[in-house]
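Chains, contacts and geometry: an overview
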Amino acid sequence: MFKRSLLPVLTVLGVIIVLWYAACIPMNSAWTIQQLERSGETMTLSEHVADTWAQERPRLPAPHQVAAELWDTTVMKNITSKKSLIYHGWITLSATLLGFGIGTTLGVLLAVGIVHSRTMDMSVMPWAIVSQTIPIIAIAPMIIVVLYSVGVQGILPKSIISAYLSFFPVVVGMVKGLRSPDAMQLDLLRTYSASNTQRFWLLRLPASVPYLFASLKIGVAASLVGAIVGELPTGAVRGLGARLLAGSYYGQTIQIWSALFAAAILAAALVALIGVIERVTLRRMGERP
Amino acid sequence: MIYVAGALVLWALGWMVNARLANGPNAQTRAVGIAVPVIFGVTILLIWELIVRGLSVPLVILPPPSMIATTFANSLPILWADFVQTFVKGALSGFVIGGVAAFLLAIVVDRYDFLRRGLLPVGNFMAALPIVGTAPILVMWFGFDWQSKAAVVVVMVFFPILVNTVAGLRDTSDMQRDLMRTYGASYTQTLFKLRVPAAMPFIFNGLKIATTLALVGAIVAEFFGSPTLGMGFRISTSVGQLALDMVWAEIIVAALAGSIFYGAIALIEKGVTFWHPSQRT
Amino acid sequence: MVSNLIISAQNLDLTFQTNDGPVHALKDVNLEIGKGEFVSFIGPSGCGKTTFLRCIAGLEQPTGGQISVNGMTPDEARKARAYGYVFQAAGLYPWRTIGGNIKLPLEIMGFSKHEQAERVARVMELVDLSGFEKKFPWQLSGGMQQRASIARALAFDADILLMDEPFGALDEIVRDHLNEQLLALWARTEKTIGFVTHSIPEAVYLSTKIVVMSPRPGRITDVIESPLPRERPLDIRDSKEFIEIAHRVRDGLRAGHLDDV
């Protein structure tokens, strides 16, 4: 399956890069023309094009510029340096992971409660479903600032936002998964006089694993977004969100793009990691994908 | 202290009432189904009010619901203007543009297998990325006003809708496609009579996901730069002024906007996919 | 005689390339079907009966030999809308009413709205579903859905009807009833019918010609011209002739299997 997709994917990516280079020309030309008007010089077409691909603050950085910046701020810098993207990436990642861990754990616990208590099910589940339609991220600035004013800084406020964002998808997905066994399966356990606990561990929990992993993928991406947005309100100086903000204030477009790519790579890596864990787990549970 | 004690009593009371209702004989009725979460929500609000007053929680940490309600009522013109800026101009226009573009591309992608095999993995990848990070870039290109917010929304909703539509267009069985071949039907006939109607449940799944993404995108984009208007703008400036009651008021507007938008799409879905088993149970 | 031949297969051969190696689905199949015949194809799984039907329909391409339908290649016949096909499952669109479903081929083939309405009414009456036009498929039972599927295949007046185990998913009582209705329909419309089935009584009851097939490779082991009269009540199944033909079919099926043991 991978082999079949490899050539088409590479082709599509190749076309995207070509289009990207092409787009740089009209987008950055205005600046080039402005410079030429000022200095009174002229440029040939190829010099003009080359210029649009090598500006310091381009409207659209060329792929190699972004790649160079990424290389420069990751491999070429000391990891503990304030300019290292790995350092910033780690700041954001640690908040993401902490929040994701908290949100997932609480989410699973609440899901178990919902499945076993009618009262909790009817009181809380509708709110969990409705909350998926609410842009929870609107709460982020408030949480950061409020916690800041009571002295809670650093990783914890961002983690709380991350936790909140991964919480509800995990609850909804886990409840769906715990309830996925069909009537026939449940009846079988009743004929064995299985207790609720036995039914949970032997049937409901294993059945919920695919649903859990689907929610974890959504949850980890949401947690990352939460951590990034959490770095915006207080004008933080550390983290990928902070780099995005700083780049946007000072017009450092290449910095913005490299921070964005770093965030994208981080998101992809996290989702892929969960995917790998998912495949390994499901294979050990006997599923043949 | 008495407030706090009152809050605890209220919690116990609310829980007991809900437990009675949830386990009682009428538990399956619609009325009880609505009453229980409502009682739960009201109990939370009352406890919130009591604890904030009872423990004298500073207003810059957590204002009580009563104060938020007053601020809400007094700020309706501002809230409405923010709503129009962020939701109508930003989120809604981005949603429509992104949705139409994704649908058209999905049809093209469906037609050409090579394109599908190349674009779909890339699309799935893009759908998982923190697209809100594109906000500063789009603000730089489109300016501070609603156009950049709409652009962020377009990017955010594009991939989920694309991926879901392509999946839906492929969801017809071999038998259905063979039947079309026995009629000598053309590609366009098969597309519009079989595949698009069959894809509707998937398309609406993508649209529902997109409603939340649209609002999130518009609000977060405003955190990166905005004229003196908009829900995200109001939230970040009010937070800066520690006017938390206004922040909560805007959050209520956002919550209402989000749920009504989602509800509207779900309603249309009911009409269009009335035939799907999930709508008939 | 020659002008009466509707479907003619000569040395037909079809080998599928699968992940587990080539599968010889049809080997050296020779068959002639005349106008107005009711031909059943019977055999165990893998004997090629469905594959053969699909070859006639132009849904599969043979890898050897020739087959012609109405004097054309199957693909040309398909584009000329020469036959109606009924699948094992009714496959009705849940978003269209029964009437809307029957209109589907008519819309595709460009009949006028007036014609469409008239044809829908006519075929629904043929399969005894009048009055259900505005209902949706899920409101009908399995047997009724299959009847609607048959009506859909009749709506555009193709001379040939190809049916792939259409009653397989239904219970026996409904099946008997539909068998009777199908024979009555055949008598009224005088179509040429190709019918794939698993059931020996069904094959013997319905057909003028029974083609017995066997698997690995898929081939014809026997072609039985039925001596039974065209008018057949259900209790003909208890008659001596019927039982003899059924025995012959069964022997043909066993012979196919013996090669394989």
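Since the structure is predicted, the reported quantities are computational estimates derived from the model, not experimental observations.

**Description of the overall build of chain B**
The secondary structure content of chain B amounts to 12 helices and 0 strands. Starting at the N terminus and walking to the C terminus, you meet the elements of chain B as α-α-α-α-α-α-α-α-α-α-α-α. Dimensions of chain B along its principal axes, counting C-alpha atoms only, are 80 × 60 × 30 Å. When burial is assessed residue by residue, chain B has 45% of its 281 residues classed as buried.

**Some words on the overall build of chain C**
Secondary structure assignment for chain C yields 8 helices and 9 strands. Relative to a compact globule of 261 residues, whose C-alpha radius of gyration would be 18 Å, chain C shows 18 Å and is just as compact. Seen along its three principal axes, the alpha-carbon backbone of chain C occupies a region of about 55 × 40 × 40 Å. Here chain C, with 261 residues, has 43% of them falling under the buried criterion. Contacts in chain C between residues far apart in sequence, at least 24 positions, make up 70% of those at least 6 positions apart.

**Looking at the interface of chain A and chain B**
Each partner contributes residues to the interface: chain A has 48 residues there, and chain B has 53 residues. Put simply, the parts of the chain that give the side of chain A that touches chain B at least two residues each are α1 (2-39), α5 (118-131), α6 (140-149), α9 (196-230), α10 (240-249) and α11 (253-284) of chain A. A total of 9 residues in the side of chain A that touches chain B trace back to one element, the largest contributor, which is α11 of chain A. Per-class residue counts for the side of chain A that touches chain B are 35 nonpolar, 10 polar and 3 charged.

**Here we look at the confidence of the model for chain C**
Scored by pLDDT, chain C has a mean of 90; 97% of the residues are at 70 or more. Overall fold confidence for the complex sits at a pTM of 0.82, while the interface term, ipTM, reaches 0.79.

**Looking at the domain arrangement of chain B**
It is common to give the size of an interface as the accessible area lost on bringing the parts into contact. Domains assigned within chain B are domain 1 (2-57) and domain 2 (72-280). Relative to domain 2 of chain B, the C-alpha centre of domain 1 of chain B lies at a distance of 35 Å.

**Considering the domain arrangement of chain C**
All names here are of chain C. Domain parsing of chain C yields domain 1 (2-82 + 159-249) and domain 2 (92-157). Distance between the C-alpha centres of domain 1 and domain 2: 24 Å. In this assembly, 10 residues from domain 1 lie in contact with 11 residues from domain 2. By residue number, the principal contributor to the side of domain 1 that touches domain 2 is helix α6 (residues 172-189), which donates 4 residues. Residues belonging to the side of domain 1 that touches domain 2 are distributed by class as follows: 8 nonpolar, 1 polar and 1 charged.

**Brief notes about the interface of chain C and chain B**
In this complex, chain C contributes 18 residues to the contact, which on the side of chain B involves 14 residues. Sorting the residues of the side of chain C that touches chain B by element identifies α2 (74-79) and α3 (98-109) of chain C as the ones contributing at least two each. Broken down by element, the side of chain C that touches chain B gets its largest block of residues, 4 residues, from α3 of chain C. When the residues that make up the side of chain C that touches chain B are grouped by side-chain class, the tally is 14 nonpolar, 1 polar and 3 charged.

**Focus on the sheet that holds strand β8 (residues 209-214) of chain C**
Residues and elements named next belong to chain C. Here we have 6 strands laid out as an open sheet, ordered β5-β6-β7-β3-β8-β9, and mixed in their pairing. Where the open sheet ends on each side, the last strands, each with one partner, are β5 (83-86) and β9 (219-225). Within the sheet, the average angular offset between the axes of one strand and its neighbour, ignoring direction, is 15 degrees. The pairing of β5 with strand β6 (residues 160-164) spans 4 bridges and is parallel.

**Points about helix α1 (residues 2-23) of chain B**
Taking 1.5 Å as the rise per residue, α1 of chain B with 22 residues should run 32 Å; its terminal C-alpha atoms sit 31 Å apart, in good agreement. Within the sequence span of α1 of chain B, burial applies to Ala7, Gly14, Asn18, Leu21 and Ala22 of chain B. The buried residues of α1 of chain B occupy an angular sector of 90 degrees when the element is viewed end-on, so they sit on one face. In this structure, α1 of chain B carries Ile2, Ala5, Val9, Ala12, Met16, Arg20 and Asn23 of chain B as exposed residues pointing more than 90 degrees from its buried face. Residues of α1 of chain B that are buried in the fold lie against α5 of chain A together with α2 (30-54) of chain B.

**Here's the deal with the environment of Gln65 of chain A**
Residue and element names in this part refer to chain A. Following the sequence through the fold, Gln65 ends up in helix α3 (residues 63-74). Residue class for Gln65 comes out buried when judged on the 20 C-beta atoms lying within 10 Å of it. Residues Gln65 and Trp201, 136 residues apart in the sequence, show an inter-C-alpha distance of 53 Å.

**Overview of the pairing of strand β3 (residues 38-42) of chain C**
Residues and elements named next belong to chain C. Burial within β3 is extensive, with 5 of its 5 residues counted as buried. Residues Phe38, Ser40 and Ile42 of β3 are buried on one face, and the alternating residues Val39 and Phe41, pointing to the opposite face, are buried as well. As paired strands, β3 and strand β7 (residues 192-197) are joined by 5 bridges and run parallel to one another. Opposite Ile42, over in β7, you have Thr197 as the bridge partner. Taken together, the 4 bridges between β3 and β8 define a ladder with parallel strand orientation. Across the sheet, residue Ser40 finds its bridge partner in β8, namely Ile210.

About the cut-offs
- Residues numbered from 1 in each chain as written.
- Chains lettered and ligands numbered in written order.
- Predicted model: local features only at pLDDT ≥ 70, side-chain atom pairs only at ≥ 80, totals over all residues.
- Helix = DSSP H or I, 4+ residues; strand = E, 2+ residues; numbered from the N terminus.
- Buried ≥ 20, exposed ≤ 12 C-beta atoms within 10 Å, placed from the backbone.
- Rg over C-alpha atoms; globule rule 2.2 N^0.38 Å.
- Contact = placed C-beta atoms within 7 Å.
- Nonpolar A, V, L, I, M, F, W, Y, C, P; charged D, E, K, R; others polar.
- pLDDT = per-residue confidence, 0-100.
- Domains from an automatic or database assignment.
- Pairing = 2+ DSSP bridges.
- Axes fitted to C-alpha atoms, helices over the stretch in contact; angles between N-to-C directions.
- Expected span 1.5 Å × (residues − 1).
- Arc of directions from axis to C-beta.

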